[in-house]
Amino acid sequence: MRRGRRLRADENIRGLVRETILTPQDFILPIFAVEGEGIKREIESLPGVYHYSVDMLKEVVEEAVNLGIKGIMIFGLPDHKDCCGSEAYADNGIVQRATRKIRELTNDLLVSTDVCMCEYTDNGHCGIIHDGDVDNDETLDYLCKIAVSHAKAGSQMIAPSDMMDGRVYRIREALDKAGFKNVSIMSYSAKYCSAYYGPFRAAANSAPAFGDRKTYQMDPANRREAIREVLYDIEEGADIVMVKPALSYLDIIREVRDTVETPVCAYNVSGEYAMVKAAAKMGLIDEEKIILETLLSMKRAGADIIITYHALEASKLLRR
Ligand SMILES: [Zn+2]
């Protein structure tokens, strides 16, 4: 008789035939930097995740390094917002300062930075508004300025999350021209217009003041479009492509994985994180097991890299 159970009989054989193994090296830890001093403040919508002022980053950076995490991604919350997101490309902007600080603190983490405008524009949209909608081509000039200013501050990987057409090509060109040939681009290629981003917008204070993001982020109903977006980005020079969100889009991650040879990143977004935390708080789930199973499913689906707010706690669990 065929007996699948022979290979499940004990932990030794299960370990030998295990197909997917999660490690801290799979994770990128998102870090939220804020203006001010002496601030380490828990984010209400994301329990266990904090806003840090630049002077307070040391602790979390050391923790990440000690746990074997290899990458972080910096998000910034400026005090000042305006129509054209000028703080996003200021030399002394919050992301730029946080980047310089972390590069000073350690060489053991890859520092990547999110490039977008929604945290910096007073309207909360991801670009420059004309006639009630984001103007694609005008926004590209700003994205290039932001990317170059991040690279100047020491960012090693630029991650554009805006979903404007042609931005990867233009950012690559701008980085090269400014002498940053070795700064890589991880593109948010298939970024869906998702309700799962809710807690992040509260954390980053970046909800749009009017309308929604449906004219630039992808329709959750579309699968083939994700492949098109990924192929465009690779053609334009993306070194790594991303699918966001992750949990409701595992089919997309798998399809991208099967279609291209480029490394694939999955973003385990704030809503996915917050649901686990809420269910755990209510005593409905075994939190530790759910965290690892969720992250494992993303890797099994084909993700080489997972951006996750669980990075620190999951790395601790994997050490046991
Ligand atoms: Zn944005």
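Residues numbered from 1 in each chain as written. Predicted model: local features only at pLDDT ≥ 70, side-chain atom pairs only at ≥ 80, totals over all residues. Heavy atoms only, no water.

### Topic: the overall build of the protein chain
Reasoning step 1: Helix and strand counts for the protein chain come out as 11 helices and 12 strands.
Reasoning step 2: Taking 320 residues into account, the globule formula puts the C-alpha radius of gyration at 20 Å, and the protein chain, at 19 Å, falls close to it.
Reasoning step 3: Principal axes of the C-alpha set define a box for the protein chain whose edges measure 70 × 45 × 40 Å.
Reasoning step 4: Here the protein chain holds 320 residues, and the buried ones make up 55% of them.
Reasoning step 5: Partitioning the contacts of the protein chain with sequence separation of at least 6, the portion at a separation of at least 24 is 74%.
Reasoning step 6: By element, 48% of the accessible surface of the protein chain is carried by carbon and sulfur atoms, the whole surface being about 14700 Å².
Reasoning step 7: Positive and negative charge centroids in the protein chain, built from 41 and 50 side chains respectively, lie 8 Å apart. (Helix = DSSP H or I, 4+ residues; strand = E, 2+ residues; numbered from the N terminus. Rg over C-alpha atoms; globule rule 2.2 N^0.38 Å. Buried < 20%, exposed > 50% of the residue type's maximum accessible area, 1.4 Å probe, protein only. Contact = heavy atoms within 4.5 Å. Areas by Shrake-Rupley, 256 points an atom, 1.4 Å probe, with all protein chains shown as cover. Lys, Arg positive; Asp, Glu negative; His and termini not counted. Charge placed at Lys NZ, Arg CZ, Asp CG, Glu CD.)

### Here we look at the packing of aromatic side chains
Reasoning step 1: Evaluation of the coordinates by the stated rule reveals 10 aromatic pairs.
Reasoning step 2: Look at Phe32 and Tyr309: their rings are 6.2 Å apart centre to centre, the planes differ by 5 degrees, and that puts the pair in the stacked class. Of the two residues, Phe32 sits in strand E1 (residues 27–34) while Tyr309 sits in the loop between strand E12 (305–308) and helix H11 (311–319), which places them 277 residues apart along the sequence. Each member of the pair, Phe32 as well as Tyr309, carries the same accessibility label: buried. (Phe/Tyr/Trp six-rings, centres within 6.5 Å; stacked < 30°, edge-to-face > 60°.)

### Looking at the coordination of the zinc ion
Reasoning step 1: For the zinc ion, every protein donor is listed as Cys116 (SG), Cys118 (SG) and Cys126 (SG), and the spread of their distances is 2.2 to 2.3 Å.
Reasoning step 2: The sequence pattern formed by the donor residues of the zinc ion is C-x1-C-x7-C. A residue pair is termed long-range when its members are at least 10 positions apart, and Cys116 in the loop between strand E5 (110–115) and strand E6 (129–130) and Cys126 in the loop between E5 and E6 qualify at 10 residues. A single burial state applies to Cys116 and to Cys126, both of which are buried. (Donors = N, O, S within 2.8 Å, 3.2 Å for Na, K, Ca; no water.)

### Brief notes about the nonpolar core
Reasoning step 1: Core analysis: the largest hydrophobic core is formed by 78 residues, its most contacted members being Leu175 and Val256.
Reasoning step 2: Among the elements that line this core, the one with the most residues is helix H4 (residues 136–153), at 8 residues.
Reasoning step 3: Not counting residues within four places of it along the chain, the set of residues in contact with Leu175 comprises Ala147, Val148, Ala151, Ile158, Phe180, Lys181, Val183 and Ile185.
Reasoning step 4: If you look at the next biggest cluster of nonpolar residues, it comprises 27 residues, including Phe32, Ile39, Ile240 and Ile305. (Core = buried A, V, L, I, M, F, W, Y, C linked by side-chain atoms within 4.5 Å.)

### So, the pattern of salt bridges
When charged atoms on two side chains of opposite charge get close, those side chains can pair.
Reasoning step 1: Applying the stated rule across the entire model yields 19 salt bridges.
Reasoning step 2: A salt bridge links Asp26 to Lys299; the shortest N-O distance between them is 3.0 Å. Taken together, the residues span a long stretch of sequence, with Asp26 in the loop between helix H1 (11–17) and E1 and Lys299 in helix H10 (residues 287–301) at a distance of 273 residues.
Reasoning step 3: Two residues, Arg254 and Asp258, come together in a salt bridge whose shortest N-O distance is 2.9 Å. Note that Arg254 and Asp258 are positioned in helix H8 (residues 250–259) at a spacing of 4 residues, about one turn of the helix.
Reasoning step 4: One network of salt bridges, with partners in common, ties together Glu11, Arg14 and Arg18. (Salt bridge = Lys/Arg side-chain N within 4 Å of Asp/Glu carboxyl O.)

### Observations concerning the state of the cysteines
Reasoning step 1: Within the structure shown, the criterion is met by 0 disulfides.
Reasoning step 2: Cysteine Cys84 remains unbridged, with the sulfur of Cys83 as its closest cysteine sulfur at 3.9 Å. (Disulfide = S-S within 2.5 Å.)

### Digging into the pairing of strand E10 (residues 240–244)
Reasoning step 1: The buried fraction of E10 amounts to 5 of the 5 residues, a majority that puts the element mostly inside the structure.
Reasoning step 2: Residues Ile240, Met242 and Lys244 of E10 are buried on one face, and the alternating residues Val241 and Val243, pointing to the opposite face, are buried as well.
Reasoning step 3: Judged from the 4 bridges that link them, strand E9 (residues 184–191) and E10 form a sheet pairing that is parallel. Each residue of the ladder has a partner; that of Lys191, found in E10, is Lys244.
Reasoning step 4: The sheet contact formed by E10 and strand E11 (residues 264–268) spans 3 bridges and is parallel. Each residue of the ladder has a partner; that of Val243, found in E11, is Ala266.
Reasoning step 5: Between E10 and its parallel partner E11, the chain crosses via H8, and the hand of that crossover is right-handed. (Pairing = 2+ DSSP bridges. Right-handed = clockwise from strand over helix to strand, strands pointing away.)

Interpretation in functional terms is not warranted from these geometric data alone.
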